[in-house]
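# Architecture at a glance
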Amino acid sequence: MSALGQLQVMSAIENCRSAVLGGHVERCQDCGHRRIAYNSCRNRHCPKCQGAAARDWLAAREADLLPVGYFHLVFTLPAEIGAIAYQNKAVVYDLLFRTAAETLLTIAADPKHLGARIGATAVLHSWGSAMTHHPHIHMIVPSGGISLDNTHWVSCRSGFLLPVRVLSRLFRRLFLTGLADAHAAGRLAFFGELGGLCSRSAFDASLAPLRKKNWFVYAKAPFAGPEAVLAYLARYTHRVAISNSRLIGLDERGVTFRYKDYRHNGQARYRTMTLAPGEFIRRFLLHTLPKGFHRIRHYGLLASAGCNANIARARELIAMPVPSGDIPTEPNNPDQTAATGHRPPCPCCGGRMIIVETFERSRAPRGPPGGPRVRTATS
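Rules behind the numbers
- Residues numbered from 1 in each chain as written.
- Predicted model: local features only at pLDDT ≥ 70, side-chain atom pairs only at ≥ 80, totals over all residues.
- Heavy atoms only, no water.
- Axes fitted to C-alpha atoms, helices over the stretch in contact; angles between N-to-C directions.
- Helix = DSSP H or I, 4+ residues; strand = E, 2+ residues; numbered from the N terminus.
- Left-handed = near helix turned anticlockwise from the far one by under 90°.
- Contact = heavy atoms within 4.5 Å.
- Nonpolar A, V, L, I, M, F, W, Y, C, P; charged D, E, K, R; others polar.
- Buried < 20%, exposed > 50% of the residue type's maximum accessible area, 1.4 Å probe, protein only.
- Pairing = 2+ DSSP bridges.
- Polar contact = N/O pair within 3.5 Å; in protein donor to acceptor, adjacent residues only side chain to side chain.
- pLDDT = per-residue confidence, 0-100.
- Phe/Tyr/Trp six-rings, centres within 6.5 Å; stacked < 30°, edge-to-face > 60°.
- Salt bridge = Lys/Arg side-chain N within 4 Å of Asp/Glu carboxyl O.
- Core = buried A, V, L, I, M, F, W, Y, C linked by side-chain atoms within 4.5 Å.

### Quick word on the packing of helix H4 (residues 89–109) against helix H5 (residues 164–184)
For the pair H4 and H5, the least separation of the axes is 9 Å and the interaxial angle reads 140°. The handedness of the crossing between H4 and H5 comes out as right-handed. Across the interface between the two elements, Val91, Val92, Leu95, Leu96, Thr99, Ala100, Glu102, Thr103, Leu104, Thr106 and Ile107 from H4 touch Val166, Leu167, Leu170, Phe171, Leu174, Phe175, Gly178, Leu179 and Ala182 from H5. Of the residues contributing to the contact of H4 with H5, the split by class is 15 nonpolar, four polar and one charged.

Structural data, given as structure tokens:
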């Protein structure tokens, strides 16, 4: 995202739920209590706005679940590619999605391994726990798929999906080939310290060591069930870099938050970090996405074009009753999610709140003459 795009993100977050965006006044139908509710920015990078969207997404994905075990996979780019990815987010992130999915579907379809058509839901994370740039793809994958002749369900061996060494090698080859093709097509840009990579020879030389390096692919069956992996992903699908729950404090030293240091085990892994405000904002803005970029994608059996039919067929083959109605899908707008219309109940009596007044941006509501005291909603 450009510097202008980052400024737009920060402006949206700064103004979120403030008088700058306008709002409305609600009144309780039972006790007459009034409160002001300011409008949200609805920017997909805002940590305050996307809670409802995440819950809706989770409900939709739960409706897709099959009565089988699920695996949690992670495809991670080597640190050496991080700087290239940052300067070419749209190209490299899209390539990461495509090559991870192609790797998974190709190896699963190979008769030497599973010999089946499988599905996957993939979510892009560009951050590590300390908000550093760390691009990787999380996937949730059913433990089996539909046979290549579409006649039966093929189950994985217990506790084993596909060999991670085979996955990592194909992923490495496909990604590096795709990255070289993008460079040859002039789709990559390089600035600052990376300026020399505009030369094809210099670019090829920088990638050469990566062709021999082991690339990291993680695969493990979630012991707590597929719902646990979905719940994990839902915490991050509609948020960026850090959630409010990890923030501890803000003082003259800077912003303090919790993070995990994966170089340690046990309780030593859980630590706190304090960053100067400027550094905290810089790290947050590392993860702003290009406009229109989809960071949640579905592949194979779960691809949107044939998702309903594929899931119905899978349930038929697994001998599960097919539920009535279409399978819900998440909104397709990458930047905003429509308001759900839900309003918290009255804080005094729990009654239903109704809107009695709206006011425009940077305007104040009319005071309720003689009415109950008006409170401001902050959440």
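### Description of the environment of tyrosine 259
Inspection of the secondary structure assignment puts tyrosine 259 in strand E11 (residues 254–260). Overall, the relative accessible area of 14% leaves tyrosine 259 in the buried class. Contacts of tyrosine 259, omitting those with residues within four sequence positions, involve Ser129, Ala130, Arg246, Arg269, Tyr270, Arg271, Thr272 and Met273.

### Focus: the pairing of strand E13 (residues 296–300)
For E13, a buried count of four out of five residues is recorded, marking the element as mostly surrounded by other parts of the structure. As defined by bridge partners, strand E5 (residues 119–127) adjoins E13 across five bridges and the pair is classed as antiparallel. Within E13, the residue paired with alanine 120 across the bridge is tyrosine 299.

### Thoughts on the side chain of serine 143
By the element assignment, serine 143 lies in the loop between strand E6 (133–142) and strand E7 (144–147). Within polar-contact distance, the side chain of serine 143 engages the backbone oxygen of glycine 69 at 2.8 Å.

### Quick notes on the sheet that holds strand E10 (residues 247–251)
Strand order in the open sheet formed by three strands is E10-E11-E12, with antiparallel pairing between adjacent strands. The open sheet has two edge strands, E10 and strand E12 (270–275), and neither has a second partner. Taking each pair of neighbouring strands and ignoring which way they run, the sheet shows an average axis angle of 25°. Pairing of E10 with E11, which is carried by four bridges, proceeds in the antiparallel orientation. Residue pairing across strands places leucine 250 opposite valine 255, the latter belonging to E11.

### Focus: the confidence of the model for the chain
On average, residues of the chain score 84 in pLDDT, and 88% of them are at 70 or above. Within the model, the stretch residues 325–341 combines pLDDT values under 50 with 34 contacts to residues more than four positions away or in other chains. Across residues 369–374, where pLDDT falls below 50, the model places seven contacts with residues more than four positions away in sequence or in other chains.

### Brief notes about the sheet that holds strand E8 (residues 153–155)
Through backbone hydrogen bonds, the strands of a sheet pair up, either in parallel or in antiparallel fashion. Sheet architecture is open: three strands sit in the order E4-E7-E8, paired in antiparallel fashion. Each having just a single partner strand, strand E4 (116–117) and E8 make up the two edges of the open sheet. Of the pairings in the sheet, the one linking E4 to E7 comprises two bridges and is antiparallel in character. Each bridged residue has a counterpart across the sheet, and for alanine 116 the counterpart in E7 is serine 147. Its contacts with the sheet put helix H9 (residues 307–317) on E4, E7 and E8, and the angle it makes with E7 is roughly 95°.

### Overview of the packing of aromatic side chains
A full pass over the atoms with the stated rule returns eight aromatic pairs. When the centroid spacing of 6.3 Å and the interplanar angle of 55° are considered together, the rings of phenylalanine 171 and phenylalanine 175 count as tilted. Residue phenylalanine 171 and its partner phenylalanine 175 are both found in helix H5; the two are separated by four residues, about one turn of the helix. By the burial criterion, phenylalanine 171 is buried, and phenylalanine 175 matches it.

### Some words on the pattern of salt bridges
According to the stated counting rule, one finds 11 salt bridges in the structure shown. Of the charged contacts, one joins arginine 35 and glutamate 26 as a salt bridge, the two residues approaching to 2.7 Å between their closest N and O atoms. The residues arginine 35 and glutamate 26 share a single accessibility class, namely buried. Here arginine 283 ties to glutamate 279 by a salt bridge, and the two come within 2.8 Å at their closest N and O atoms. You can see arginine 283 and its partner glutamate 279 sitting in helix H8 (residues 277–285), four residues apart, about one turn around the helix. Arginine 283 gets classed as buried once you look at its relative accessible area, which sits at 15%. For glutamate 279, a relative accessible area of 25% corresponds to the partly exposed category. Residues participating in the shared-partner salt-bridge network are Asp94, Arg98 and Arg297.

### Brief notes about the nonpolar core
Residues Leu73, Met139, Phe171 and Phe175 are the most contacted members of the largest nonpolar core, which totals 51 residues. For phenylalanine 171, the residues in contact, after removing those within four places along its chain, are Phe75, Thr76, Leu77, Leu96, Thr99, Ala100, Thr103, Trp215 and Val217. Ranked by size, the runner-up nonpolar core spans 23 residues in total, among them Leu21, Cys49, Val240 and Phe284.

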